[in-house]
Amino acid sequence: FMFIFRYDDLSKEKKMENLDKQVKILLDSYVEYWSKAKPTELKNIWDSNEREPYYIAEEKLEPIYDWESLISYWKIAEDSLEKFSIRIWNIKYKFLSTDIVAINFMMHWNAIINSSEKNKFALDLRVSSLAKKKNSGLKFFHYTESPLGTLPYIKKIYQDNVDSDF
């Protein structure tokens, strides 16, 4: 009985080690594609067999629920970006079933849009996503970006305005 219990524990531990690696590969690719301003390459880390990919971008009013619109969104973003980078932290994930994984994280992005002004923009937001275990690794099929609410931004403005010698 003790051996079976220990075997189960080792099996669970091995599954989590494998999941750790798969999540790292998925998110490293995600950061790489965005940070080289090539969001069209994100298709490589999405489940192409998914009939209705869900993609909810923080800057778009309407969610995206089909491949044609999603690929168009990525292409427009790619054509609009002069420079882009992201960093992620506070990564949390868990199995929802044997082949579905929930992955949540915080993200900060920096952008320069192709324009004569060369204005720089940046934002922190939360990402909640779902990925499927495939033979080729984890692949996104559901992705939602949520900007922080107004209160955290206002609080930061107030905090940043305090005199340094106060």
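Refer to the structure printed above.
The following paragraphs examine the structure supplied in this document.

Reading the values: the criteria
- Residues numbered from 1 in each chain as written.
- Predicted model: local features only at pLDDT ≥ 70, side-chain atom pairs only at ≥ 80, totals over all residues.
- Heavy atoms only, no water.
- Pairing = 2+ DSSP bridges.
- Helix = DSSP H or I, 4+ residues; strand = E, 2+ residues; numbered from the N terminus.
- Axes fitted to C-alpha atoms, helices over the stretch in contact; angles between N-to-C directions.
- Phe/Tyr/Trp six-rings, centres within 6.5 Å; stacked < 30°, edge-to-face > 60°.
- Buried < 20%, exposed > 50% of the residue type's maximum accessible area, 1.4 Å probe, protein only.
- Salt bridge = Lys/Arg side-chain N within 4 Å of Asp/Glu carboxyl O.
- Contact = heavy atoms within 4.5 Å.

### Side note on the sheet that holds strand β5 (residues 137–147)
Taking strand neighbours across the sheet as the criterion, the 5 strands line up as β1-β5-β4-β3-β2 in an open arrangement whose pairing is mixed. Edge strands, defined here as strands with exactly one partner in the open sheet, are β1 (54–56) and β2 (81–95). If you compare each strand with its neighbour and ignore which way they point, the axes differ by 30° on average. When β2 meets strand β3 (residues 100–113), the two strands line up antiparallel, connected through 12 bridges.

### Focus: the packing of aromatic side chains
Applying the stated criterion across every chain, the model contains 14 aromatic pairs. Pairing Trp 46 with Tyr 55 gives two aromatic rings, centres 5.9 Å apart and planes at 40°, and the pair type is tilted. Ring centres of Tyr 55 and Tyr 143 lie 4.7 Å apart, and the angle between their planes is 20°; on these two criteria the pair is classed as stacked. Of this pair, Tyr 55 sits in strand β1 while Tyr 143 sits in strand β5, and the two are 88 residues apart along the sequence. The buried category is assigned to Tyr 55, whose relative accessible area is 1%.

### A closer look at the pattern of salt bridges
Tallied over the entire structure, the rule returns 10 salt bridges. Where Lys 132 meets Asp 47, a salt bridge forms, and the shortest distance between an N and an O atom there is 3.3 Å. Residue Lys 132 is found in strand β4 (residues 120–134), and its partner Asp 47 is found in the loop between α1 (2–35) and β1; the two are separated by 85 residues along the sequence. With its nearest N and O atoms 3.0 Å apart, the salt bridge here joins Lys 156 to Asp 160. Here Asp 160 and Lys 156 lie together in helix α3 (residues 150–160), a separation of 4 residues that amounts to about one turn. Looking at Lys 156, the relative accessible area reads 48%, which means it is partly exposed.

### Section: the side chain of Glu 78
Inspection of the secondary structure puts Glu 78 in helix α2 (residues 67–80). Classification of Glu 78 as buried rests on a relative accessible area of 15%. Excluding its chain neighbours within four sequence positions, the residues that come into contact with Glu 78 are Ala 37, Lys 38, Pro 39 and Thr 40.

### Some remarks on the pairing of β5
With 8 of its 11 residues buried, β5 lies for the most part within the structure. Judged from the 3 bridges that link them, β1 and β5 form a sheet pairing that is parallel. Bridging across to β5, Ile 56 finds its partner in Thr 144. Pairing analysis gives 10 bridges linking β4 to β5, with the strands arranged antiparallel. Considered in β5, the bridge of Leu 130 is made with His 142.

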